[in-house]
Amino acid sequence: MSEGTMQRRAQREQPERAKRLTRVLVCAAAVPVMLVATGCSSDSGPDDGGGDKAASASASASPSPTVQAAAYRTLPEACRALSKKTLEDLAPKAKSGKEGSSDDVASRASCSWSSLDNNGVKGSQFRWLNVSLLRFESDTTRGPGDKLAQEYYDKQVREIRATPGAKGLNAQAVTGTGDEATAVRYDLKKKEGTFKQQTVVVRVENVVVTLDYNGAGLAGDKTPDAAALLADAKKAAREAVLSVTRANGPAAASGSPSAPASGRPSAPASKAPSASASGKS
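In this report, we go over the structure that sits alongside the text. (Residues numbered from 1 in each chain as written. Predicted model: local features only at pLDDT ≥ 70, side-chain atom pairs only at ≥ 80, totals over all residues. Heavy atoms only, no water.)

1. What to know about the sheet that holds strand β4 (residues 167-173)
At step 1: Across the sheet, seven strands lie side by side as β1-β2-β3-β7-β6-β5-β4; this open sheet has antiparallel pairing. Each edge of the sheet is formed by a strand with only one pairing partner; in this case those strands are β1 (98-99) and β4.
At step 2: Bridge count for β1 against strand β2 (residues 108-118) is two bridges, and the pairing is antiparallel. By the bridge assignment, glutamate 99 is partnered in β2 with cysteine 111.
At step 3: Lying over the sheet, helix α3 (residues 145-161) contacts β3 (124-135), β4, β5 (180-190), β6 (193-204) and β7 (207-218), oriented at roughly 165° with respect to β6.
At step 4: The sheet contacts of helix α4 (residues 226-247) involve β3, β4, β5, β6 and β7, and relative to β6 the element is tilted by about 30°. (Pairing = 2+ DSSP bridges. Helix = DSSP H or I, 4+ residues; strand = E, 2+ residues; numbered from the N terminus. Contact = heavy atoms within 4.5 Å. Axes fitted to C-alpha atoms, helices over the stretch in contact; angles between N-to-C directions.)

Put into structure tokens, the structure is as follows:
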């Protein structure tokens, strides 16, 4: 290769080298800028993360929903809720109580007694007595036990007031029994005779007591006095309420059975419809 040719080649390559060197310098100058940008970005990171952690900590510190514990935690044995003397007065010919089925006797229990005093050709006197106990537990979703019991109490009274075929129905507030109590009385005519029905519904704290008592004069015997039956039913209802308080310890049982459990006077229930007490004769 001649000297002239080599000189011309060197002259062509010099501009190319200059361009490559310029690109290298430009890239090298850009590196610090990228590092600075990265540094700024990393500085902002901990602040963002700290904010998220603070929000998370604040959320976890929020109090869980709570509800006041129910006053009564158990129920008495339903067939022992009434004294022997009361049973002899209201159902004199009853041999023993028939306990209702329940999968949780601490929350739901019942017992019934049937009495037939046969006077031969003079007819007979029939009595049927039933006590039903229902306890409500406090629930964070549904509310406190006494509120749930009050809702059921109102519903129960409404249903009894709407009993099909009831004649001469009368409802009245019962004072001095639990927190609130209502007595409903009416006649039911059946082929055996006219049955005088008395139902007393009582709420005491988170428990609802429903006492059913009916009587009839059969085969020509005289019809029992409704006022006397109602007086007996009210007395038995007070006794059942006292059994509930006694079943929950000395502190609960210290109050008089004739005094409202929470210091409030008994109030009449609302007048809208509810399920007639089960097991009516």
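Picking up after the structure, the text goes on.
2. Overview of the pattern of salt bridges
At step 1: Applying the stated criterion to the full structure yields eight salt bridges.
At step 2: Residue lysine 155 pairs with glutamate 159 through a salt bridge whose shortest N-O separation is 2.7 Å. One end of the pair, lysine 155, and the other, glutamate 159, are both in helix α3, four residues apart, so they sit about a helical turn from each other.
At step 3: By relative accessible area, which is 36% here, lysine 155 ends up partly exposed.
At step 4: In this structure, aspartate 187 and lysine 196 form a salt bridge, with 2.9 Å as the shortest nitrogen-oxygen distance.
At step 5: Overlapping salt bridges, with partners in common, bring together Asp179, Glu180 and Arg203 in one network. (Salt bridge = Lys/Arg side-chain N within 4 Å of Asp/Glu carboxyl O. Buried < 20%, exposed > 50% of the residue type's maximum accessible area, 1.4 Å probe, protein only.)

3. Overview of the environment of asparagine 214
At step 1: Take asparagine 214: it is sitting in strand β7.
At step 2: Taking the C-alpha atoms as reference points, asparagine 214 and asparagine 130, separated by 84 residues in sequence, lie 9.2 Å from one another.
At step 3: Side-chain polar atoms of asparagine 214 contact the side chain of glutamine 197, separated by 3.0 Å. (Polar contact = N/O pair within 3.5 Å; in protein donor to acceptor, adjacent residues only side chain to side chain.)

4. Digging into the nonpolar core
At step 1: The biggest cluster of nonpolar side chains holds 31 residues, and the ones touching the most others in it are Leu82, Trp113, Leu129, Val131, Val209 and Leu211.
At step 2: Only α2 (84-90), β2, β3, β5, β6, β7 and α4 provide two or more residues apiece to this core.
At step 3: With eight residues, the single largest contributor to this core is α4.
At step 4: Not counting the four nearest positions on each side in its chain, leucine 211 is found in contact with Leu82, Leu129, Asn130, Val131, Gln198, Thr199, Val200, Ala233, Ala236 and Ala237.
At step 5: Ranked by size, the runner-up nonpolar core spans twelve residues in total, among them Leu148, Tyr153, Tyr186 and Val201. (Core = buried A, V, L, I, M, F, W, Y, C linked by side-chain atoms within 4.5 Å.)

Worth remembering: the numbers are spatial, not functional.
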